[in-house]
Amino acid sequence: MNTHIIICGGGVIGCATAYFLAVAGAKVTVVESDGIASGASGAAAGIISPPSINTSDDPLFEIKMVGFNLHQQLAQKLPDESGVQYDYSVTPRVIVPNTVTELSDLKSRLSDTQLNESPTELLDANLLAKQTGWIDKTKYGGAFLEAGAQVDPYKFTLALVAAAEKLGVKFITGKVTGVNLKEQTFESVTVDHKIIAADACMLSMGPWAKDASAWTNRAIPVRPLKGQIIKTQPQKQLTHLTLINGSNYAITRENGLLILGTTEEDVGFDTSITDAARDEIIAFGLTFSSALETAELIEQTACLRPLSDDGRPIMGELIPNSNLFISTGHGRQGILMSPAAGRAMSDLINTGETSLLDLSPFDPERFN
Ligand SMILES: Cc1cc2nc3c(=O)[nH]c(=O)nc-3n(C[C@H](O)[C@H](O)[C@H](O)COP(=O)(O)OP(=O)(O)OC[C@H]3O[C@@H](n4cnc5c(N)ncnc54)[C@H](O)[C@@H]3O)c2cc1C
C-alpha cells in the first residue's frame, strides 16, 4: 500500500480521491494552486443525472451509474461526517423536445419497453404546463424521466475536503511545477520551487493536467471546453425539477433560484463571460417558460471543463508501474462521476486494482 500520496489539484476529482484514500487509511496531501473548487468544480450546475439505459454500451455508462449511486449513498452520511450541508436533493427530470427530430427521438425512447423509463408517456403542452407550473411554452409538450438529483458543487467539494481533513488529509496552497521521476518511478513533486516527496502522486489538475505532459514525456490530451451558465431569481417559487433539451438545461434550486445553461466554447483558457452567451441561454429559457420573462438575472459565470481528445476520462497509472497516476477529462459530467472516480482511483493507488468499475476504457496508455 502506498502510504503517503500527493494529489495535485483540488477540484472535485482530486478532493473525492483524497476523501476515499483517507477513508482507506492513507496519508494524503492535496496541493491546490488557487482555491479549492476554484475551477469548474465550484461553478458547475451540479446536475446528477443517471445515464439512460439506452446508452448502456457507452464506455462512460458504468462510471456515471456508479457515480449516481454513490452520490445517493454519500448524501446519507457526508453532511454529518463533514458538517457541510451541500444541498443534495432528488430532482424530477423533464425532457422537452423543440424540433420534429427531437420529438421523434423522444417518442422512440419512450416506446422502447426495455428502457423502463417511467412513466413512458408524452404529455402535451397543456398537460405539461399544468403539471409543472412553469414549463408552459413548449411546442410539443414533454415527458418526465426517472428522477435525477442535484448538489451545490462548491459545497459538495467543500464537504469532501472537510471530511477528509477530519481524517488527517492536509490541504496546501501551491503551484505544482514539476513531477520528479527516478528511472520512471515517482519520487517527488516540485511545488513553488520546493520538493515534496511521497510514495505516489495523482494528477487531477482538470484542463491544466496537460502541463504534466512536458514533465513526464507522456501524451495527456486534455483541453479546456468553456461553459457559461446564468443564475436567475424567478418572481415565484417554481416546482422543483430539471428541464432538459438536448445539451441545454434549466434546474431549480431549493433556495428558489433557477440555473440555466449552457455553452460549449473551444476558446482555450479564456474564462470571460459574454453577452452573446447570456442572450443565447436566456433565449433558450424563454422558448420553454414564461417564468423567465420576469425573472431577475443574478449572476453569469464561465468555467472550463476538462475534455480529452476522445471524450473519455483519462484515469489510471500515467506510466506503467511508476506510482504516478492521473484522473482528469471528466468533461460535462465530472460532478456526477466524481465519487466513482474518487473511489476507483483510491483503490487503484492503494491496491493496484479496483473492482468498483472497469477502468480500461480510460487507460492513459491509449494515447501513447
Ligand atoms: C458550465 C459548466 C456546468 C457544468 N455542470 C455540470 C453538472 O451539472 N454536472 C456535472 O456532473 N458536471 C458538470 N460540469 C463538469 C464539471 O464541473 C467538471 O467535469 C469537473 O468539475 C472537473 O473537475 P476537476 O477536479 O477534474 O477539475 P477542476 O475543477 O478544474 O479542478 C482542477 C484544479 O486543479 C488546480 N490546478 C491546476 N493546475 C494546478 C497546478 N499546477 N498545481 C496545483 N493545482 C493546480 C486548479 O486550480 C483547479 O482547482 C460542468 C462544467 C461547466 C463548465
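If you're wondering where the values come from, they're calculated on a predicted model, not measured in any experiment.

### Topic: the domain arrangement of the chain
- By domain assignment, the chain separates into domain 1 (4–82 + 153–222 + 309–367) and domain 2 (89–149 + 224–308).
- Its C-alpha centre places domain 1 at a distance of 28 Å from the equivalent point of domain 2.
- The partner domain 2 presents 22 residues to the 27 residues of domain 1 that form the contact.
- Contributions of two or more residues to the side of domain 1 that touches domain 2 are made by α2 (40–43) and β3 (47–48).
- Grouping the constituent residues of the side of domain 1 that touches domain 2 by class yields 13 nonpolar, 10 polar and four charged.

### Concerning the nonpolar core
- Residues Ile5, Cys15, Ala18, Cys201 and Phe325 are the most contacted members of the largest nonpolar core, which totals 110 residues.
- Counting only domains with at least three residues in this core, you end up with domain 1 (4–82 + 153–222 + 309–367) and domain 2 (89–149 + 224–308).
- With residues up to four places along the chain from it excluded, the contact list for cysteine 15 reads Gly10, Val30, Ile36, Thr157, Leu160, Val161 and Ala164.

### Quick look at the sheet that holds strand β7 (residues 176–182)
- An order of β7-β8-β9 is seen for the three strands of this open sheet, with the pairing classed as antiparallel. The open sheet is flanked by β7 and β9 (194–197), the only strands paired with a single partner. Across this sheet, the average inter-strand angle for adjacent strands is 30°, counted without regard to direction.
- In terms of strand pairing, β7 meets strand β8 (residues 185–191) through six bridges, oriented antiparallel. Residue asparagine 180 lies in a different strand from β8, and its bridge partner there is serine 188.

### Regarding the sheet that holds strand β2 (residues 27–32)
- Strand order across the open sheet formed by six strands is β6-β2-β1-β10-β17-β16, with mixed pairing between neighbours. Of all strands in the sheet, those bounded by a partner on one side alone are β6 (170–173) and β16 (314–317). The sheet shows a mean angle of 20° between the axes of neighbouring strands, taken without regard to direction.
- Where β16 lies against strand β17 (residues 324–328), four bridges are found, and the strand directions are antiparallel. Counterpart to glutamate 317 in the pairing with β17 is phenylalanine 325.
- Where helix α9 (residues 334–351) meets the sheet, it contacts β1 (4–8), β10 (200–203), β16 and β17, and its direction lies at approximately 170° from that of β17.

Criteria and cut-off values
- Residues numbered from 1 in each chain as written.
- Predicted model: local features only at pLDDT ≥ 70, side-chain atom pairs only at ≥ 80, totals over all residues.
- Domains from an automatic or database assignment.
- Contact = placed C-beta atoms within 7 Å.
- Helix = DSSP H or I, 4+ residues; strand = E, 2+ residues; numbered from the N terminus.
- Nonpolar A, V, L, I, M, F, W, Y, C, P; charged D, E, K, R; others polar.
- Core = buried A, V, L, I, M, F, W, Y, C linked by C-beta atoms within 7 Å.
- Buried ≥ 20, exposed ≤ 12 C-beta atoms within 10 Å, placed from the backbone.
- Pairing = 2+ DSSP bridges.
- Axes fitted to C-alpha atoms, helices over the stretch in contact; angles between N-to-C directions.

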